[in-house]
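What follows is each chain in one-letter form.
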Amino acid sequence: MIGAEFESVLAGAQSGDEAAFARLWRDLNPPLLRYLSLGGDAADEVAAETWLTVVRGLATFRGDEMAWRAWVFTTARRRAVDAGRKRTRSSRLSWRSSWVEPVVADCDDEVVDALSTEEAITLVRRLPPLQAEVVLLRVVAELSVSEVAELVGRSPGGVRVAAHRGLQALKKMVDPKGVTPEGPGTLRGVT
Amino acid sequence: MTDPRPDASSSVDDPALAPVLAALTAPPSARELDGYASTLSALRAAQVTPAPSPSRRRPSMLATLAGAKLGATIAGIAVGLGGAATVVYVSSNVAHTPNSHASASATSATPASSGASRTSDTAGARTGTPTPQGTAVGPDATGAAAHGLCTAWKAVAANGGSGKAMDSVAFTNLAKAAGGADKIASWCATVTAPGASGEHATGKPSTKGKPATVPTGKPATVPTGKPTTVPTGRPTTQPAGKPTVLPTPTATPPVTPSTHPTGRP
């Protein structure tokens, strides 16, 4: 997140200041790649296509940082859906309802003390597609519930439930015994 | 949006999740900051030829729905007005063809097409070329809309006569009908109100005041009971005789089927 300076950074980028645009890019490209890695190996490609669309619309974009992030991720999702469709068509797979490709767990004890980002995303990809996407949009893209709801085409309630279930399942993955320092009631309060 | 219900933001405090969330939100790796060059060249290309397409955020579903409903309402009102206008013009025997329908349908088409273009933002943003979904035709100044247009024009002209309104499609049509923008005033002077040319009474009634006799109280005779005559029996006239034309089949089936089933069932 850029924060208070966002408005001036965006204005600079819109008036052709490449350093200002670079700041926007550096802020969003990593979360963009992490989000797009849900779709498989083509994340870099899809991210590049996303930025292509973004720079075309940059001059006419109006809004605050949340709107900006939501717009970039909305664009990314569309590019990912397109890429997913293309891939599905070429590999003659059956129609999938989501561009997110979940992975199957190969072993249960892959959890280590210090997870790398890639490992964490691999864990997220084990979730059902909607949960995986909602978790990443909430945690990595830092979008609000209503923005995520709009983006994935679900109700805010549905997004909350998916986020909660996804995080619950993630918790089980990293802590299979279900033992948390505060006891099992920690998450009870949020259900 | 404040909602007391829980979601990710309240679950992220769970310590068991901390390592995953920390990894997901870790500072960017060098690999993740790779690939800026292609975007930068795209940025430079875009700045040379700025795309005309407005790339807005997709409006919320609620807004889209509200827009659609509003559009439907406007369309309904417009069609209703068009119908009413037709009745007025037909009954007052004005030679004009009522064009209200044309203008009404043009009005109703506008919100729908704007809704469509809103949802097709994707395509617009992708190709960089906005696709207009129809052009405004505006009311026909030579037809039934003339009087209303003249009234509107006079009102705008009285206020200085500048601004966007004078450039509108409707006033452009009016200027065309008048043979030039500077001739609108004189042309409008010749346009009569739609009701004036018919046999509708103009002006106010000559006598004012209340009617001399006002019916008060209940009516003296109130119909009570059932009607005295009730149609009974059969109708007096019945169609007599046979139908003069007998139906004849146009195609006769062959007497014998051309193929017989052979063999056992």
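Reading the values: the criteria
- Throughout this document, residue positions are counted from 1 along each chain, in the order its sequence is written.
- Each chain takes a letter, starting from A, and each ligand takes a number, starting from 1, following the order in which they are written.
- Totals for whole chains, interfaces and linings use all residues, but because this is a predicted model, local features are given only for residues with pLDDT of at least 70 and pairs of side-chain atoms are given and counted only at 80 or more.
- Helix and strand definitions here come from DSSP, where helices need a minimum of 4 consecutive H or I residues and strands a minimum of 2 consecutive E residues; each element is numbered from the N-terminal end.
- Residue burial is a threshold on neighbouring C-beta atoms within 10 Å of the residue's own C-beta, all placed from the backbone, with 20 or more meaning buried, 12 or fewer meaning exposed, and counts in between meaning partly exposed.
- Once C-beta atoms have been placed from the backbone, residue pairs whose C-beta atoms lie within 7 Å are recorded as contacts.
- To get an axis, fit a line to the C-alpha atoms, keeping to the stretch in contact for a helix; angles then go from 0 to 180 degrees between the N-to-C directions.
- Note that the term roughly parallel is reserved for angles under 35 degrees, roughly antiparallel for angles over 145, roughly perpendicular for angles of 65 to 115, and oblique for everything else.
- Amino acids are sorted into nonpolar (Ala, Val, Leu, Ile, Met, Phe, Trp, Tyr, Cys and Pro), charged (Asp, Glu, Lys and Arg) and polar (every other residue, Gly among them).
- For the purposes of this analysis, a nonpolar core is taken to be any set of buried Ala, Val, Leu, Ile, Met, Phe, Trp, Tyr and Cys residues that are connected through C-beta atoms within 7 Å.
- An automatic or database domain assignment provides the domain bounds reported here.
- Summary of the metric used: pLDDT quantifies the predictor's per-residue confidence within the range 0 to 100.

(A) Spotlight on the overall build of chain B. Tallying secondary structure elements over chain B gives 9 helices and 0 strands in all. Its helices and strands taken in sequence order, chain B reads α-α-α-α-α-α-α-α-α from the N to the C terminus. Taking all 265 residues of chain B together, the buried fraction comes to 17%. Here the analysis covers contacts within chain B between residues at least 6 apart in sequence; of these, 69% occur between residues at least 24 apart.

(B) Molecular detail of the overall build of chain A. Assigned secondary structure in chain A consists of 8 helices and 0 strands. What you see in chain A, going N to C, is helices and strands ordered as α-α-α-α-α-α-α-α. Scored against the burial criterion, the 191 residues of chain A give a buried share of 45%. When contacts within chain A are restricted to residue pairs at least 6 apart in sequence, those whose partners lie at least 24 apart make up 61%.

(C) Main features of the packing of helix 7 (residues 145-152) of chain A against helix 8 (residues 156-174) of chain A. Residues and elements named next belong to chain A. Interaxial distance between helix 7 and helix 8 falls to 8 Å at its minimum, and their mutual angle equals 100°. Regarding the angle of helix 7 to helix 8, the classification is roughly perpendicular. Contacts from Val145, Ser146, Val148, Ala149 and Val152 in helix 7 reach Pro156, Val159 and Arg160 in helix 8. Broken down by class, the residue content of the contact of helix 7 with helix 8 amounts to 6 nonpolar, 1 polar and 1 charged.

(D) Spotlight on the nonpolar core. Counting 60 residues, the largest nonpolar core has Tyr35, Leu36 and Leu136 of chain A as its most contacted members. The biggest single contributor to this core is helix 2 (residues 18-36) of chain A, with 8 residues. Both domains that furnish three or more residues to this core are identified here as domain 1 (1-96) and domain 2 (102-191) of chain A. Apart from residues lying up to four places away in sequence, Leu36 of chain A is in contact with Ala43, Val46, Ala47, Ala76 and Ala80 of chain A. Counting residues in hydrophobic clusters, the runner-up holds 14 residues, among them Ala144, Cys150, Phe171 and Ala177 of chain B.

(E) Main features of the packing of helix 6 (residues 129-139) of chain A against helix 8 of chain A. Residue and element names in this part refer to chain A. Closest axis-to-axis distance for the helix 6/helix 8 pair is 8 Å, and the angle between their directions is 95°. In terms of orientation, helix 6 and helix 8 fall into the roughly perpendicular class. Judged by residue contacts, Leu130, Gln131, Ala132, Val134, Val135 and Arg138 of helix 6 engage Val159, Ala162, Ala163, Arg165, Gly166, Leu167 and Ala169 from helix 8.

(F) Expanded view of unusual backbone geometry. Residues and elements named next belong to chain A. One non-glycine residue, Glu142, lies in the positive phi region at around 60°. Looking at the element boundaries, Glu142 is found in the loop between helix 6 and helix 7. The exposure class of Glu142 is partly exposed, given the 16 C-beta atoms found within 10 Å.

(G) Region of the structure containing the confidence of the model for chain B. Residues and elements named next belong to chain B. In this model, chain B carries an average pLDDT of 65, and 37% of its residues clear a pLDDT of 70 or more. Considering each helix and strand of chain B separately, the mean pLDDT is smallest for helix 6 (residues 121-127), with a value of 41, and largest for helix 2 (residues 18-24), with 91. Under a pLDDT of 50 for its full length, residues 1-6 has, in the predicted model, 9 contacts with residues more than four places off or in other chains. Interface confidence for the predicted complex, given as ipTM, is 0.82, next to a pTM of 0.49.

(H) The arrangement of helix 7 of chain A in detail. The buried count for helix 7 of chain A comes to 6 of 8 residues, which makes it a mostly enclosed element. The positive-phi residue at the C-terminal boundary of helix 7 of chain A is Gly153 of chain A, with phi of around 75°.

(I) Seen up close, the confidence of the model for chain A. Across chain A, the average pLDDT comes to 86, with 83% of residues at or above 70. Across residues 182-191 of chain A the pLDDT falls below 50, and counting only partners more than four positions away or on other chains, this stretch makes 11 contacts in the model.

(J) Main features of the environment of Ser155 of chain A. Mapped onto the elements, Ser155 of chain A comes out in the loop between helix 7 and helix 8. Counting along the chain gives 10 residues from Ser155 of chain A to Val145 of chain A, while the straight-line C-alpha distance between them is 9.2 Å.

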